[in-house]
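Residues per chain are reported as follows:
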Amino acid sequence: MKQFKDPDFMGHFIDKYRDMRNFWDPLYRNKPARKASLEKLRQFVKTQVPNADIEFVQRKIGSLRSMYRKELNKVQASIRSGAAADDVYVPSLWYYNRMRFLEDQMEVRESLFTLPSSLPSTLHSTPAEASEDQPGPSILEEVEELSWSQEDLSQDKALECGSQEEAG
C-alpha cells in the first residue's frame, strides 16, 4: 500500500477527512451522512489503491488518529512534567499539525491511582516510625523462618525415593 503512504496523497486524504466534519465530530450523529462521507473518502482512496474498500479506509483513519493521539499524549506529558519551553516534546510525525483539528476530540485520561490518599497507620516504613498509639504490625517485622532439621530432610528424601520405586 505504498500508494497510500505517499505524503502528497496522505496530505490530501487528511484534508478531505478534516473537511467532512460529520465524519469525525462527535456532535454529528447522523449515520447516513457519516456513511456517505466514508464512501466519498473510499472513492478518493481508490484513485491510488484500486482495491480499497470501506474497511480499508476505516483502518487507515484509525491508524492516523492513533498515531496523532500518541504524539499528542507525548506533547501533553512533557508539558505536564513542568519541562521548560525549550524542552517540550516536539512531535516527529510529519502530519501532526494537519491533524490538530482532532485535538478537541482527544480526551486525556486521568491516571487510575488506586492507593488511598493517606495510607493506613499500620503500614510503617521502619519499626522506628511505629507509634505506641497505633497498634498493628510494622512492615519490617521479622517473619519467623522455618528451619528444617537433618532428620526432617532425611524423611522427605526417603518418602520421595519410596514413591519413585512404587511408580517404577
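Where an unreviewed UniProt entry is consulted, the protein chain appears under the name MADF domain-containing protein, with the organism given as Aquarana catesbeiana.

Peer 1: Please explain the packing of helix α2 (residues 7–19) against helix α4 (residues 31–46) as it appears in this structure.
Peer 2: Geometrically, a packed helix pair is captured by the angle between its two axes and the distance between the axes. Packing of α2 against α4 leaves a shortest axis separation of 11 Å and a crossing angle of 170 degrees. Of the possible angle classes, the one that applies to α2 and α4 is roughly antiparallel. Considering how the two elements wind past one another, α2 and α4 form a crossing that is right-handed. Residues F9, H12, F13, K16 and Y17 of α2 lie in contact with α4, whose contacting residues are L41, F44 and V45. Across the contact of α2 with α4, the residue classes break down as 6 nonpolar, 1 polar and 1 charged.

Peer 1: Would you mind showing me how to read α4 here?
Peer 2: Three or four residues apart is the spacing at which side chains of an α-helix point the same way, because the helix has 3.6 residues per turn. With 16 residues, α4 ought to run about 22 Å at 1.5 Å a step, and its terminal C-alpha atoms sit 22 Å apart, in line with that. Residues S37, L38, L41, R42, F44 and V45 constitute the buried set of α4. The buried residues of α4 occupy an angular sector of 160 degrees when the element is viewed end-on, so they sit on one face. Residues P32, K35 and K40 are exposed on α4 and point more than 90 degrees away from its buried face.

Peer 1: Looking at this model, I keep getting lost on the nonpolar core. Mind explaining?
Peer 2: Generally speaking, nonpolar side chains in soluble globular proteins are found buried as a group. Counting residues in hydrophobic clusters, the biggest one holds 28 residues, and the most contacted among them are F13 and V45. Breaking this core down by element, the ones donating at least two residues are α2, α3 (21–24), α4 and α5 (54–80). With 7 residues, the single largest contributor to this core is α5. The residues contacting F13, other than those within four sequence positions of it, are F4, L41, F44, V45, V57, I61 and L64.

Peer 1: Just to check I follow, could you spell out the environment of F56 for this structure?
Peer 2: Within the secondary structure layout, F56 lies in helix α5. Along the chain, F56 and V45 lie 11 residues apart, while their C-alpha atoms are 9.3 Å from each other.

Peer 1: Got a minute to help me understand the environment of Q48 in this structure?
Peer 2: Relative to the helices and strands, Q48 is located in the loop between α4 and α5. Along the sequence, Q48 and K5 sit 43 residues apart, while their C-alpha atoms lie 9.9 Å from each other. Those residues within four positions of Q48 in sequence are excluded, and the remaining contacts are Q3 and F9.

Definitions and limits used
- Residues numbered from 1 in each chain as written.
- Predicted model: local features only at pLDDT ≥ 70, side-chain atom pairs only at ≥ 80, totals over all residues.
- Heavy atoms only, no water.
- Axes fitted to C-alpha atoms, helices over the stretch in contact; angles between N-to-C directions.
- Helix = DSSP H or I, 4+ residues; strand = E, 2+ residues; numbered from the N terminus.
- Parallel < 35°, antiparallel > 145°, perpendicular 65-115°, else oblique.
- Left-handed = near helix turned anticlockwise from the far one by under 90°.
- Contact = heavy atoms within 4.5 Å.
- Nonpolar A, V, L, I, M, F, W, Y, C, P; charged D, E, K, R; others polar.
- Expected span 1.5 Å × (residues − 1).
- Buried < 20%, exposed > 50% of the residue type's maximum accessible area, 1.4 Å probe, protein only.
- Arc of directions from axis to C-beta.
- Core = buried A, V, L, I, M, F, W, Y, C linked by side-chain atoms within 4.5 Å.

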